[in-house]
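The lines below spell out each chain.
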There are 2 protein chains.
Amino acid sequence: MPVNEIKLELLTPEAFAPFGDIIDAAGSPDMMINEGRCGRFHDLARLDFGDEPSRAGISIFRSEACTLPYVFNLMERHPLGSQAFIPMSADPFLVIVAPDDAGVPGIPRAFLTKPLQGVNLLRGTWHGVLTPLVDDAVFAVVDRIGGGGNLEEYRLTENYVIVE
Amino acid sequence: MPVNEIKLELLTPEAFAPFGDIIDAAGSPDMMINEGRCGRFHDLARLDFGDEPSRAGISIFRSEACTLPYVFNLMERHPLGSQAFIPMSADPFLVIVAPDDAGVPGIPRAFLTKPLQGVNLLRGTWHGVLTPLVDDAVFAVVDRIGGGGNLEEYRLTENYVIVE
């Protein structure tokens, strides 16, 4: 099976916009609260949980780590809702996404977060499984709670390997 | 002005239940995902954003730290929605809450989180301002986005001091 190399990219709002949102304290706060002690960076993610009775929920994902070079061929997407990943430690993690290509994943891209950054994946965005770089990494995940088929997995016909 | 001492309590689900939810990876995962690499602890918070057009949003709060002993007399609550605080580093923080006493805060209680714990405050729960123990602490906050008066502040007639 051929192996295609993917170079890690820096996570920037421009590069990531087609796939989702970066959740971080970039720039100046939208407002100061708590008697001036705290800055609020307001409403940073394009959340989308479809129609009721589906709703937003907060879950915890605790994941094994991956190491670079990281080989993968599994992608997935959630057709019914967005999914946000908030790391609960300051360790960076990999965000693997792909554009849609007529219903299957196109060529994947891999982004490396900085400390204190989370991401929100838009509804239907192809993405890799959670790939922290330290073991037992803990993330708060804001995604859709509700019935229906909200997981679509796709096994790529070629392996990809993410390198620094 | 009299000063009333409040001793820090350990954050346990039983003690905290009247005020909200602990968001952490306690016990066993509800399901294994990502080919067995990741445990999902499912739907841990009683989110409540009222009726549409209000909705869930994710914001970032970046706050100054407090130090113990910590003196305060300001409480607030959000009558229209729940509010969850997800720390984005592994540093513990204080969670100050109070029962409602005929429309004003009763005697406050103060809980200390452990690393990798967030909390969700139930709609209408009296609470103190965000009180991390390290400066420039960053939290992802899941709360209600929408119009209307969702902030009620109350200045206590006595000071309280939180001690270890």
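Preceding this section is the structure that the text describes.
The rules behind the values
Residues numbered from 1 in each chain as written. Chains lettered and ligands numbered in written order. Predicted model: local features only at pLDDT ≥ 70, side-chain atom pairs only at ≥ 80, totals over all residues. Heavy atoms only, no water. Helix = DSSP H or I, 4+ residues; strand = E, 2+ residues; numbered from the N terminus. Rg over C-alpha atoms; globule rule 2.2 N^0.38 Å. Buried < 20%, exposed > 50% of the residue type's maximum accessible area, 1.4 Å probe, protein only. Contact = heavy atoms within 4.5 Å. Areas by Shrake-Rupley, 256 points an atom, 1.4 Å probe, with all protein chains shown as cover. Lys, Arg positive; Asp, Glu negative; His and termini not counted. Charge placed at Lys NZ, Arg CZ, Asp CG, Glu CD. Buried area = accessible area lost by both parts, 1.4 Å probe. Salt bridge = Lys/Arg side-chain N within 4 Å of Asp/Glu carboxyl O. Polar contact = N/O pair within 3.5 Å; in protein donor to acceptor, adjacent residues only side chain to side chain. Least-squares fit on C-alpha atoms with pLDDT ≥ 70 in both. Pairing = 2+ DSSP bridges. Axes fitted to C-alpha atoms, helices over the stretch in contact; angles between N-to-C directions. Phe/Tyr/Trp six-rings, centres within 6.5 Å; stacked < 30°, edge-to-face > 60°. Core = buried A, V, L, I, M, F, W, Y, C linked by side-chain atoms within 4.5 Å.

S.K.: Where do I start with the overall build of chain A in this structure?
M.R.: What chain A contains, in helices and strands, is one helix and 16 strands. Its C-alpha radius of gyration of 16 Å places chain A within 12% of the 15 Å reference for a compact globule of 164 residues. Here chain A, with 164 residues, has 54% of them falling under the buried criterion. Restricting to contacts in chain A with at least 6 residues of sequence separation, those with at least 24 account for 81%. Within the structure as shown, chain A displays about 7,100 Å² of accessible surface, and the carbon and sulfur contribution to it stands at 52%. When the 12 basic and 23 acidic side-chain charges of chain A are each reduced to a single mean position, those positions are 3 Å apart.

S.K.: So what exactly am I meant to see when it comes to the interface of chain A and chain B here?
M.R.: Reports often express the size of an interface as the amount of accessible area lost when the parts come together. Between chain A and chain B, the residue contacts involve 52 residues of the former and 52 residues of the latter. Both sides together, the interface formed by chain A and chain B hides about 4,200 Å², and carbon and sulfur atoms give 56% of it. When the buried surface of chain A facing chain B is broken down by residue, Arg37, Ile58 and Met88 of chain A rank first, second and third, together holding 20% of it. Where chain A touches chain B, the interface holds six salt bridges. A salt bridge links aspartate 143 of chain B to arginine 40 of chain A; the shortest N-O distance between them is 2.8 Å. Inspection of the region where chain A meets chain B yields 20 residue pairs in polar contact (both at pLDDT 80 or more). For the side of chain A that touches chain B, the leading source of residues is strand S5 (residues 55–63) of chain A, giving nine residues.

S.K.: Which parts of the structure should I look at to understand the side chain of glutamine 117 of chain B?
M.R.: Position of glutamine 117 of chain B relative to the elements: it lies in the loop between strand S11 (109–112) and strand S12 (118–121). Only 2.8 Å separates the side chain of glutamine 117 of chain B from the backbone nitrogen of lysine 114 of chain B, close enough to count as a polar contact. Beyond its immediate sequence surroundings of up to four residues, glutamine 117 of chain B is in contact with Met88 of chain A together with Leu11, Ile22, Ile23, Asp24, Pro87 and Phe93 of chain B.

S.K.: Quick question: what am I supposed to make of the relation of the copies chain A and chain B here?
M.R.: Two chain copies, one operation linking them: a rotation about an axis together with a shift along it. When chain A is fitted to chain B, the residual RMSD is 0.0 Å, and the transformation amounts to a turn of 180° plus an axial shift of 0.0 Å. Here the symmetry operator amounts to a two-fold rotation axis.

S.K.: Looking at this structure, I do not really get the sheet that holds strand S3 (residues 31–33) of chain A. What am I missing?
M.R.: With antiparallel pairing, the seven strands of this open sheet are ordered in space as S3(A)-S4(A)-S5(B)-S15(B)-S7(B)-S12(B)-S2(B). For this open sheet the edge positions go to S3 of chain A together with strand S2 (20–23) of chain B, each flanked by a neighbour on one side alone. Put simply, the sheet's adjacent strands are angled 25° from each other on average, direction ignored. Where S3 of chain A lies against strand S4 (residues 38–41) of chain A, three bridges are found, and the strand directions are antiparallel. Bridge pairing in S4 of chain A places isoleucine 33 of chain A opposite cysteine 38 of chain A.

S.K.: So what exactly am I meant to see when it comes to the sheet that holds strand S4 (residues 38–41) of chain B here?
M.R.: One key point about sheets: their strands pair by backbone hydrogen bonds, in either a parallel or an antiparallel sense. The antiparallel open sheet is built from seven strands, whose spatial order is S2(A)-S12(A)-S7(A)-S15(A)-S5(A)-S4(B)-S3(B). Among the strands making up the open sheet, the edge pair consists of strand S2 (20–23) of chain A together with strand S3 (31–33) of chain B. Looking at each pair of strands side by side, their axes are set apart by 25° on average, direction ignored.

S.K.: Can you help me understand the packing of aromatic side chains in this one?
M.R.: Here the distance between the centres and the angle between the planes together describe a pair of aromatic rings. Residues and elements named next belong to chain A. Enumeration according to the criterion identifies 16 aromatic pairs over all chains in this entry. With a centroid separation of 6.0 Å and 70° between ring planes, the pair formed by phenylalanine 61 and phenylalanine 85 is classed as edge-to-face. Taken together, the positions of phenylalanine 61 in strand S5 and phenylalanine 85 in strand S7 (residues 83–87) put the pair 24 residues apart, joining distant regions of the chain. Residue phenylalanine 61 is classed as buried on the basis of its relative accessible area, which comes to 3%. Through a chain of ring-to-ring contacts, three or more aromatic side chains come together here, namely Phe16, Phe19 and Phe111.

S.K.: Help me out: how do you make sense of unusual backbone geometry in this one?
M.R.: Where the residue is not glycine, phi is negative for most of them; where a peptide bond is considered, it is trans in most cases. Residues and elements named next belong to chain A. Cis geometry marks the peptide bond from leucine 68 to proline 69; its omega dihedral reads -5°. Along the polypeptide, proline 69 turns up in the loop between S5 and strand S6 (70–77). We note that aspartate 43 has phi near 55°; this positive angle belongs to a residue other than glycine. Examined against the element boundaries, aspartate 43 turns out to sit in the loop between S4 and S5.

S.K.: I'm lost on the side chain of threonine 125 of chain B in this one. Help?
M.R.: Residue and element names in this part refer to chain B. Within the secondary structure, threonine 125 sits in the loop between S12 and strand S13 (126–127). Among the polar contacts made by the side chain of threonine 125, one reaches the main-chain carbonyl oxygen of leucine 122 at a distance of 2.9 Å. If sequence neighbours within four positions are ignored, threonine 125 has contacts with Phe19, Glu76, Arg77 and Val97.

S.K.: Would you explain the nonpolar core in this entry?
M.R.: Looking at soluble globular proteins, one finds that nonpolar side chains tend to be buried together. Within the largest apolar cluster, 29 residues are counted, with the highest numbers of intra-cluster contacts made by Ile58 and Ile86 of chain A together with Ile58, Ile60 and Ile86 of chain B. Of all the elements in the fold, those that place two or more residues in this core are S5, S7 and strand S15 (137–145) of chain A together with strand S5 (55–63), strand S7 (83–87) and strand S15 (137–145) of chain B. In contact with isoleucine 60 of chain B, not counting residues within four places along its chain, are Ile23, Asp24, Ala25, Gly39, Arg40, Phe41 and Leu44 of chain A together with Met88, Val138, Phe139 and Ala140 of chain B.

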